[in-house]
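# Notes for the structure review
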Amino acid sequence: MLQIDSVSRSFAGVVALRDVSLTVAQGEVVGLIGPNGSGKTTLFNVITGLFPADHGRIRFNGRELSGLRPDQIVACGLARTFQTPRILHRMTVRENMVCAAYAGSPLVQRLGSCAQSRLDDLLRECGLDGRAHDLAKNLTLPEQRRLELVRTLVADPKLILLDEPAGGMTPAETKDKATLIRDLAAKGRTCIIIEHKIDMISSLCQRICVLNFGKVIADGTTVDVLRDEAVLEAYLGPQEAG
Ligand SMILES: Nc1ncnc2c1ncn2[C@@H]1O[C@H](COP(=O)(O)OP(=O)(O)OP(=O)(O)O)[C@@H](O)[C@H]1O
Ligand SMILES: [Mg+2]
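As the structure is a computational prediction, the values presented were derived from the model and not from experiment.

### A look at the packing of aromatic side chains
- Going through the model one piece at a time under the given rule, you end up with one aromatic pair.
- A ring pair is formed by Phe11 and Phe51, whose centres lie 5.3 Å apart and whose planes are at 85 degrees; its orientation type is edge-to-face. Taken as a pair, Phe11 in strand S1 (residues 2-11) and Phe51 in the loop between helix H1 (40-47) and strand S4 (55-60) lie far apart in primary sequence, 40 residues in all.
- Overall, Phe11 belongs to the partly exposed group, its relative accessible area being 33%.
- Sitting over the ring of Phe51, Arg9 keeps its end group 4.7 Å from the ring centre.
- Directly above the ring of Phe82 sits Arg80, whose terminal nitrogen or CZ lies 3.9 Å from the centroid.

Set out below in structure tokens:
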């Protein structure tokens with residue numbers, strides 16, 4: 001579904017991504033982890049067309065994404081959430097959803113009698129039923145993250161990139177969010193999840209890719225990656241023998 005081939009990206013001499021390759025198949029839920037500043041968000045930014053890669057290719061369902069605008073990439077079926085939720089604070093939950101629908105999603109062609117019930121279904125699916133007329137700024141952080149997710153679902157994405165979906169949440173809120181993501185995956189949505197909460201990643205993902213200083217240092221099953229020496233060293237520093 002997604003093929004990233006040898007992607008590199010630097011910022012004024014700081015190498016954020018170094019020859020990164022990653023392939024994600026339809027139906028997979030892949031964890032993308034790594035220490036702070038290792039390039040995880042930059043990889044999402046490059047995939048979603050926020051800024052171009054310096055080198056390398058990204059294809060989604062066989063289509064080259066380089067040169068496409070972010071809205072064109074969303075229209076291909078690839079959507080994302082941000083590390084800090086990007087929502088329209090002074091609008092209601094429903095207005096946020098309608099704006100997302102008008103921002104180039106396929107739903108815009110279908111906005112008619114069915115759209116209202118579809119939006120209600122999405123709110124229910126994401127645990128925001130009854131909140132349609134609340135202002136986004138009055139939602140709690142977990143609710144704002146859910147709203148951002150709802151906004152991506154309006155476009156009916158096939159692949160969702162989630163950047164720290166449980167960032168700033170309590171353990172109970174994190175568990176609820178994991179359940180929501182599991183439900184989305186069970187409905188056939190492919191996901192790549194950036195998260196520092198390793199328990200959440202290991203409960204959701206069969207596979208993990210690890211970045212360190214912009215380079216992929218491990219990519220494999222969750223069990224194998226979490227006991228990989230290079231991964232432990234990246235997180236905990238060099239381990240002394242004995
Ligand atoms: N727009 C930008 N301009 C300049 N430097 C940037 C930009 N975006 C990222 N960087 C740099 O690229 C490197 C990777 O940053 P990135 O945000 O991708 O890390 P991350 O793995 O998402 O970290 P965190 O876990 O803290 O969110 C860092 O050194 C960062 O300062
Ligand atoms: Mg980040």
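### Notes on the domain arrangement of the protein
- The domain boundaries assigned to the protein delineate domain 1 (1-77 + 157-242) and domain 2 (87-156).
- Spacing between the C-alpha centres of domain 1 and domain 2 amounts to 25 Å.
- Counting residues at the interface gives 21 residues for domain 1 and 13 residues for domain 2.
- Across the contact surface, domain 1 and domain 2 share three salt bridges.
- Note that Lys187 is salt-bridged to Glu125, the shortest N-O span being 3.4 Å.
- Taken together, the links from domain 1 to domain 2 amount to five residue pairs in polar contact (both at pLDDT 80 or more).
- Listed by contribution, the elements that provide at least two residues to the side of domain 1 that touches domain 2 are helix H2 (70-75), strand S7 (159-163) and helix H6 (171-186).
- By residue number, the principal contributor to the side of domain 1 that touches domain 2 is H6, which donates five residues.
- Taken together, the residues that form the side of domain 1 that touches domain 2 break down as 10 nonpolar, two polar and nine charged.

### Concerning empty space enclosed by the protein
- Under the definition given, this model contains one cavity of 30 Å³ or more.
- Each pocket or cavity is described by its volume, and for the largest cavity that value is around 30 Å³.
- Forming the walls of the largest cavity are Thr81, Phe82, Arg145, Glu148, Leu162, Pro165 and Lys177.
- In the lining of the largest cavity, the residues fall into three nonpolar, one polar and three charged.

### Digging into the coordination of the magnesium ion (ligand 2)
- Looking at the metal site, the magnesium ion (ligand 2) is ligated by Thr41 (OG1) and Gln83 (OE1), spaced 2.0 to 2.2 Å from it. Of this pair, Thr41 sits in helix H1 while Gln83 sits in the loop between strand S6 (78-80) and helix H3 (93-102); the two residues are 42 residues apart in sequence, bridging distant segments of the chain.
- Judged by relative accessible area, which is 34%, Gln83 ranks as partly exposed.

### Some thoughts on the sheet that holds strand S5 (residues 63-64)
- Taking strand neighbours across the sheet as the criterion, the four strands line up as S2-S1-S4-S5 in an open arrangement whose pairing is antiparallel. One side of each edge strand has no neighbouring strand; the edge strands of this open sheet are strand S2 (14-24) and S5.
- Bridge count for S4 against S5 is two bridges, and the pairing is antiparallel. Bridge assignment links Arg59 to a residue of S5, and that residue is Glu64.

### A word on the pairing of S7
- Most of S7 sits inside the fold, with five of its five residues counted as buried.
- Because side chains alternate across S7, one face comprises the buried residues Leu159, Leu161 and Asp163, and the other comprises Ile160 and Leu162, equally buried.
- Pairing between S6 and S7: three bridges, direction parallel. Bridging across to S7, Leu78 finds its partner in Leu159.
- By the bridge criterion, five bridges tie S7 to strand S8 (residues 190-194) in an arrangement that is parallel.

### Concerning the site of ligand 1
- In the region of ligand 1, 14 residues are neighbours, and Gly37, Lys40, Thr42, Gln83 and His196 sit closest.
- The side chain of His196 places a nitrogen or oxygen atom 2.8 Å from an oxygen atom of ligand 1.
- For ligand 1, whose free accessible area comes to 640 Å², the fraction covered by protein is 63%.
- Taken together, the elements giving at least two residues each to the shell around ligand 1 come down to S2 and H1.
- A per-element tally of the shell around ligand 1 places H1 first, with three residues.
- Residue composition of the shell around ligand 1, grouped by class: four nonpolar, eight polar and two charged.

Rules used in this analysis
- Residues numbered from 1 in each chain as written.
- Chains lettered and ligands numbered in written order.
- Predicted model: local features only at pLDDT ≥ 70, side-chain atom pairs only at ≥ 80, totals over all residues.
- Heavy atoms only, no water.
- Phe/Tyr/Trp six-rings, centres within 6.5 Å; stacked < 30°, edge-to-face > 60°.
- Helix = DSSP H or I, 4+ residues; strand = E, 2+ residues; numbered from the N terminus.
- Buried < 20%, exposed > 50% of the residue type's maximum accessible area, 1.4 Å probe, protein only.
- Lys NZ or Arg CZ within 6 Å of the ring centre and 35° of its normal.
- Domains from an automatic or database assignment.
- Contact = heavy atoms within 4.5 Å.
- Salt bridge = Lys/Arg side-chain N within 4 Å of Asp/Glu carboxyl O.
- Polar contact = N/O pair within 3.5 Å; in protein donor to acceptor, adjacent residues only side chain to side chain.
- Nonpolar A, V, L, I, M, F, W, Y, C, P; charged D, E, K, R; others polar.
- 1 Å grid on protein atoms, 1.4 Å probe; cavity = no way out; pocket = protein on both sides within 12 Å on 5 of 7 lines; lining within 4 Å.
- Points joined across faces, edges and corners; volume = space filled by probe spheres on them.
- Donors = N, O, S within 2.8 Å, 3.2 Å for Na, K, Ca; no water.
- Pairing = 2+ DSSP bridges.
- Near = heavy atom within 4 Å.
- Areas by Shrake-Rupley, 256 points an atom, 1.4 Å probe, with all protein chains shown as cover.

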